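So you can see what is in the structure, the chains are spelled out below.
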Amino acid sequence: MDVMEAIKARRSVRKYKPDPVPEEQLQNVLEVLRWSPSWANTQCWEIVVVKDPMVKSELAGTLPKGNPQPPRW
């Protein structure tokens, strides 16, 4: 896929399915993240995987009240 095709095919996800992500696919995504480039190879990100629906709900409750788009997980 070239850049223009990627830009034209881009979509904004507004709602996610409640289905869990299969573990193998999750591990593939995490592997891609580990290998993705970063400025000066600083890799200055942290990835947290939350699977528990109760924890997701609690995290959603920590968002500021003025957040225009609450999460829909």
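Bear in mind the structure is a predicted one, so any value in this text is a computation, not a measurement.

Some details on the overall build of the protein chain
- For the protein chain, the helix and strand inventory stands at three helices and zero strands.
- Listing the helices and strands of the protein chain from first to last along the sequence gives α-α-α.
- In terms of overall size, the protein chain is more extended than a compact globule, its C-alpha atoms giving a radius of gyration of 16 Å where 73 residues would be expected to give roughly 11 Å.
- Reported as C-alpha extents along the three principal axes, the dimensions of the protein chain are approximately 35 × 30 × 30 Å.
- The buried share of the protein chain, taken over its 73 residues, is 4%.
- Across the protein chain, 11 positive and 9 negative side-chain charges occur, with their mean positions spaced 11 Å apart.

Regarding the environment of Gln25
- Mapping Gln25 onto the fold places it in helix H2 (residues 23-35).
- Taking the relative accessible area as the measure of exposure, Gln25 reaches 48% and is therefore partly exposed.
- Between the C-alpha atoms of Gln25 and Trp35, which are 10 residues apart in sequence, the distance is 16 Å.

Re the environment of Pro22
- Take Pro22: it is sitting in the loop between helix H1 (3-9) and H2.
- For Pro22, a relative accessible area of 44% corresponds to the partly exposed category.
- Residues Pro22 and Ser38 lie 16 residues apart in sequence; the distance between their C-alpha atoms is 27 Å.

Let's talk about the confidence of the model for the protein chain
- Put simply, the protein chain has an average pLDDT of 85, and 90% of its residues get 70 or more.
- Predicted confidence in the protein chain is weakest over helix H3 (residues 53-60), with a mean pLDDT of 90, and strongest over H2, with 93.

Digging into the pattern of salt bridges
- If you walk through the whole model with that rule in mind, you get two salt bridges.
- We note a salt bridge from Glu23 to Lys51, for which the minimum N-O separation is 2.6 Å. With a gap of 28 residues between them, Glu23 in helix H2 and Lys51 in the loop between H2 and H3 connect regions that are remote in the sequence.
- Judged by relative accessible area, Lys51 falls into the exposed class, the value being 53%.
- Ionic pairing is found between Arg34 and Glu31, a salt bridge with its closest N-O pair at 2.9 Å. Linking Arg34 with Glu31, this pair stays in helix H2, spanning three residues, or about one helical turn.

How each quantity is defined
Residues numbered from 1 in each chain as written. Predicted model: local features only at pLDDT ≥ 70, side-chain atom pairs only at ≥ 80, totals over all residues. Heavy atoms only, no water. Helix = DSSP H or I, 4+ residues; strand = E, 2+ residues; numbered from the N terminus. Rg over C-alpha atoms; globule rule 2.2 N^0.38 Å. Buried < 20%, exposed > 50% of the residue type's maximum accessible area, 1.4 Å probe, protein only. Lys, Arg positive; Asp, Glu negative; His and termini not counted. Charge placed at Lys NZ, Arg CZ, Asp CG, Glu CD. pLDDT = per-residue confidence, 0-100. Salt bridge = Lys/Arg side-chain N within 4 Å of Asp/Glu carboxyl O.

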